[in-house]
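# Secondary and tertiary structure notes
Below are the chains, spelled out letter by letter.
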Amino acid sequence: MAESITITDNRTGESIEVPIVDGGVDAAAWRKLMPGTWFYDPALMTTAATSSSVTELDGENGVLRYRGYPIEQLAEHSSYLEVAYLLIHGELPTQEQYEPWVHDITYHTFIHENVRKRFLEGFHHDAHPMGMLVSAIAALSTFYPDAGEIHDPENRLKQIVRLIAKMPTLAAACHRFSVGMPFVYPDNSLGFTSNFLSMLWKVAEPRYDANPALARALDVLFILHADHEQNCGTTAMRVVGSAHADPYVSTAAAAAALYGPRHGGANEAVIRMLKSIGSIEEVPAFIESVKAGKGRLQGFGHRVYKSYDPRAKIIKQTADEVFAITGKNPLLDIALKLEEVALSDEYFTSRKLYPNVDFYSGLIYQAMGFPVEMFTVLFAIPRTAGWLAHWVEALEQDQKIVRPRQLYVGHDARDYVGLDQRS
Ligand code: CMC
């Protein structure tokens with residue numbers, strides 16, 4: 001027998017049977033039974049806002065798969081550009097598909113000179129690179145007026161290639177500006193992450209060759225961050241995209257959501273926290289202060305993962321590989337101690353609070369030489385592939401414009417009172 005639920009309106013005795021499909025019940029049946037009575041679900045904690053075949057996340061069991069492929073296998077064997085292809089197209093590319101994909105992305109890395117010279121250089125000298133990046137992504141919309149042709153799949157793909165390709169260039173430009181260094185043009189002879197590292201760190205040498213192990217570590221981090229189903233940023237992408245806004249401004253909205261410290265900004269918060277703790281000896285006292293409600297243990301806990309975040313496991317291993325080259329980040333010992341103390345403390349275990357992706361990623365970025373302000377920017381680069389995969393999926397689903405209801409709890413109608421009569 002098919003699984004179902006029965007909803008009864010106790011005011012009228014009317015009831016309706018709704019089938020359970022793919023683990024959800026269709027809210028349209030509820031709307032039919034009780035028009036004008038809304039589900040109250042702030043933060044959408046109980047709502048599946050869409051169906052999706054991009055990423056599967058099983059938070060209870062610590063499972064993360066892109067298009068069915070386990071994150072562990074992708075991190076070990078794949079590359080970010082291959083994963084981006086997988087997310088966008090739904091399948092891993094064949095050799096014949098992969099070569100033109102890499103070529104197209106490599107040859108779309110340049111940005112219009114006005115974006116850099118007139119736009120990015122107009123920011124105040126101490127502008128946060130993430131604020132610059134969000135604005136620059138939105139500004140790209142004005143350079144590609146054809147981006148509005150969102151119903152043409154070929155045109156969509158052109159914008160997708162541009163966005164994936166230009167994110168590292170914009171990110172590096174934001175960094176170079178904030179440290180007062182001249183812009184470095186992309187080098188088409190380099191791979192995706194090597195090119196990014198060249199745009200970041202090149203000084204006077206004719207060609208910057210990144211340490212291949214560091215370029216690979218960054219590529220692994222990009223794979224791990226490429227998608228994470230319906231998180232806050234991706235939801236922003238789908239919501240703005242549902243208004244048929246072009247992919248640049250939709251991506252800017254998603255990046256703006258990611259900027260928040262509860263979301264992609266947490267890795268920055270982790271480093272600040274570790275610095276403020278200062279030494280291993282202070283860890284127990286810090287844990288006690290968290291338990292007493294004086295702030296949170298940054299990089300711990302997740303809305304969906306209720307066991308170890310599978311990305312955190314891989315990142316911990318990547319951290320060892322990076323530290324073997326860069327030398328150990330002095331904050332690592334404090335992080336390891338924090339993890340050890342928290343995982344043996346009932347406060348954290350009973351609430352199923354485990355390290356998330358951000359707990360160790362900041363330590364790696366810092367050891368690689370990135371300033372903390374760049375951490376969320378480093379998250380936004382690969383997440384662009386995931387955002388765009390969801391954007392395409394929503395368009396192909398012909399999703400209606402997102403327009404939730406509210407439960408109005410404000411004043412009843414009242415008459416306007418002139419300024420001179422208000423007490
Ligand atoms: N430190 C201490 N206590 C915590 C923490 C934490 N990091 N996270 C949750 N709790 C407690 C919280 O106080 C609450 O306790 P009680 O039931 O006694 O009131 C309980 O655990 C449930 O917390 P919640 O706030 O209801 O959980 P949530 O699902 O709304 O929040 C979260 C998820 C990620 C915002 C939260 O765990 C948090 O603030 N973590 C620190 C920030 C962080 O690391 N964010 C990165 C998330 S992963 C990157 C991404 O995917 O964007």
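To keep things clear, this report deals only with the structure shown in the data block.

How each quantity is defined
- Residues numbered from 1 in each chain as written.
- Predicted model: local features only at pLDDT ≥ 70, side-chain atom pairs only at ≥ 80, totals over all residues.
- Heavy atoms only, no water.
- Helix = DSSP H or I, 4+ residues; strand = E, 2+ residues; numbered from the N terminus.
- Rg over C-alpha atoms; globule rule 2.2 N^0.38 Å.
- Buried < 20%, exposed > 50% of the residue type's maximum accessible area, 1.4 Å probe, protein only.
- Contact = heavy atoms within 4.5 Å.
- Areas by Shrake-Rupley, 256 points an atom, 1.4 Å probe, with all protein chains shown as cover.
- Lys, Arg positive; Asp, Glu negative; His and termini not counted.
- Charge placed at Lys NZ, Arg CZ, Asp CG, Glu CD.
- Expected span 1.5 Å × (residues − 1).
- Bend = angle between axes of the 7 residues up to and from the residue.
- Polar contact = N/O pair within 3.5 Å; in protein donor to acceptor, adjacent residues only side chain to side chain.
- Pairing = 2+ DSSP bridges.
- Patch = residues over 30% accessible without salt bridge, like charges linked within 9 Å, V, L, I, M, F, W, Y side chains within 5 Å.
- Salt bridge = Lys/Arg side-chain N within 4 Å of Asp/Glu carboxyl O.
- Near = heavy atom within 4 Å.
- Nonpolar A, V, L, I, M, F, W, Y, C, P; charged D, E, K, R; others polar.
- Phe/Tyr/Trp six-rings, centres within 6.5 Å; stacked < 30°, edge-to-face > 60°.

### Brief notes about the overall build of the protein
- Regarding its fold elements, the protein presents 18 helices and six strands.
- Since a compact globule built from 423 residues should have a radius of gyration of about 22 Å, the 24 Å found for the protein is in line with a globular shape.
- Considering only C-alpha atoms, the protein reaches an extent of 80 × 70 × 55 Å along its principal axes.
- Going through the 423 residues of the protein one by one, you find that 48% of them count as buried.
- Of all intrachain contacts in the protein linking residues separated by at least 6 positions in sequence, the fraction that spans at least 24 positions is 72%.
- Surface accessibility of the protein: about 21,300 Å² in total, with carbon and sulfur atoms responsible for 53%.
- When the 38 basic and 51 acidic side-chain charges of the protein are each reduced to a single mean position, those positions are 5 Å apart.

### Details of helix α7 (residues 153–178)
- The terminal C-alpha atoms of α7, which comprises 26 residues, lie 37 Å apart, in line with the 38 Å expected from a rise of 1.5 Å per residue.
- In α7, a bend of some 35 degrees at Lys 166 exceeds every other bend along the element, and Pro 168, a proline, comes one to four places later.
- Where α7 begins, the capping side chain belongs to Asp 152, and its oxygen is found 3.0 Å from the backbone nitrogen of Glu 154.
- One or two steps after α7, the chain reaches Gly 180, where phi turns positive at roughly 75 degrees.

### Quick look at unusual backbone geometry
- Residues other than glycine seldom take positive phi values, yet Asp 22 does so here, at roughly 50 degrees.
- Looking at the secondary structure, you find Asp 22 in the loop between β2 (15–21) and β3 (24–25).
- Residue Asp 22 is classed as exposed on the basis of its relative accessible area of 81%.
- Here Leu 44, not a glycine, exhibits a phi torsion of approximately 50 degrees, which is positive.
- Note on placement: Leu 44 falls in the loop between α1 (27–33) and β4 (55–58).
- With a relative accessible area of 44%, Leu 44 lands in the partly exposed category.

### Quick word on the sheet that holds β2
- What the three strands build is an open sheet, ordered β1-β2-β3; its pairing is antiparallel. Each end of this open sheet is capped by a strand with a single partner; those strands are β1 (4–8) and β3.

### What to know about the environment of Ala 171
- For Ala 171, the location among the structural elements is in helix α7.
- Residues contacting Ala 171, with those up to four places away along its chain left out, are Leu 133, Phe 196, Met 374, Val 377 and Ile 381.

### Considerations on the sheet that holds β4
- The sheet built from three strands is open, its strands ordered β4-β5-β6 with antiparallel pairing. Every other strand in the sheet has two partners, leaving β4 and β6 (69–70) as the edge strands with one partner each.
- Summarising the sheet, strand β5 (residues 63–66) and β6 pair through two bridges and their orientation is antiparallel. Note that in β6 the partner of Arg 65 across the bridge is Pro 70.

### Looking at a positive patch on the surface
- On the surface, a cluster of positive charge is contributed by Arg 31, Lys 400, Arg 403 and Arg 405.
- Topologically, Arg 405 is positioned in the segment after α18 (375–396).

### Let's talk about the site of the ligand
- In the vicinity of the ligand lie 18 residues, with His 263, Arg 296, Leu 297, Gly 299 and Arg 303 positioned nearest.
- Arg 351 is positioned such that a nitrogen or oxygen atom in its side chain is 3.0 Å from an oxygen atom of the ligand.
- In isolation the ligand has 940 Å² of accessible area, and contact with the protein removes 72% of it.
- For the shell around the ligand, the residue count by class is six nonpolar, six polar and six charged.

### Some details on the pairing of β2
- Note that β1 and β2 share five bridges and pair antiparallel. The residue of β2 that forms the bridge with Thr 8 is Ser 15.
- From the end of β1 to the start of β2, which pair antiparallel, there are six residues, and Gly 13 there has a positive phi angle of about 80 degrees.
- Pairing analysis gives two bridges linking β2 to β3, with the strands arranged antiparallel. The residue bridging Val 21 from the neighbouring strand is Gly 24, located in β3.
- Between the antiparallel neighbours β2 and β3 lie two residues, among them Asp 22 with a positive phi of about 50 degrees.

### Notes on helix α8 (residues 192–201)
- A large share of α8 lies buried, amounting to eight of its ten residues.
- Those residues of α8 not exposed but buried are Phe 192, Thr 193, Asn 195, Phe 196, Leu 197, Ser 198, Met 199 and Leu 200.
- Contacts made by the buried residues of α8 are with α3 (80–89), α4 (95–106), α7, α9 (212–225) and α18.

### Examining the packing of aromatic side chains
- Applying the stated rule across the entire model yields 19 aromatic pairs.
- The interplanar angle of 40 degrees and the centroid separation of 5.2 Å between the aromatic rings of Tyr 80 and Phe 192 together place this pair among those described as tilted. With Tyr 80 in helix α3 and Phe 192 in helix α8, this pair connects stretches of sequence that are 112 residues apart. Neither residue differs from the other here; Tyr 80 and Phe 192 are each classed as buried.
- An angle of 75 degrees between the planes, with centres 5.7 Å apart, marks the rings of Tyr 80 and Phe 222 as edge-to-face. Here Tyr 80 is found in helix α3, whereas its partner Phe 222 is found in helix α9, with 142 residues between them in sequence.

### Some points on the environment of Ser 198
- Residue placement: Ser 198 occurs in helix α8.
- For Ser 198, a relative accessible area of 2% puts it in the buried group.
- Discounting residues that sit within four places of it in the chain, Ser 198 has contacts with Val 184, Leu 190 and Tyr 208.

In short, geometric facts, not functional conclusions.
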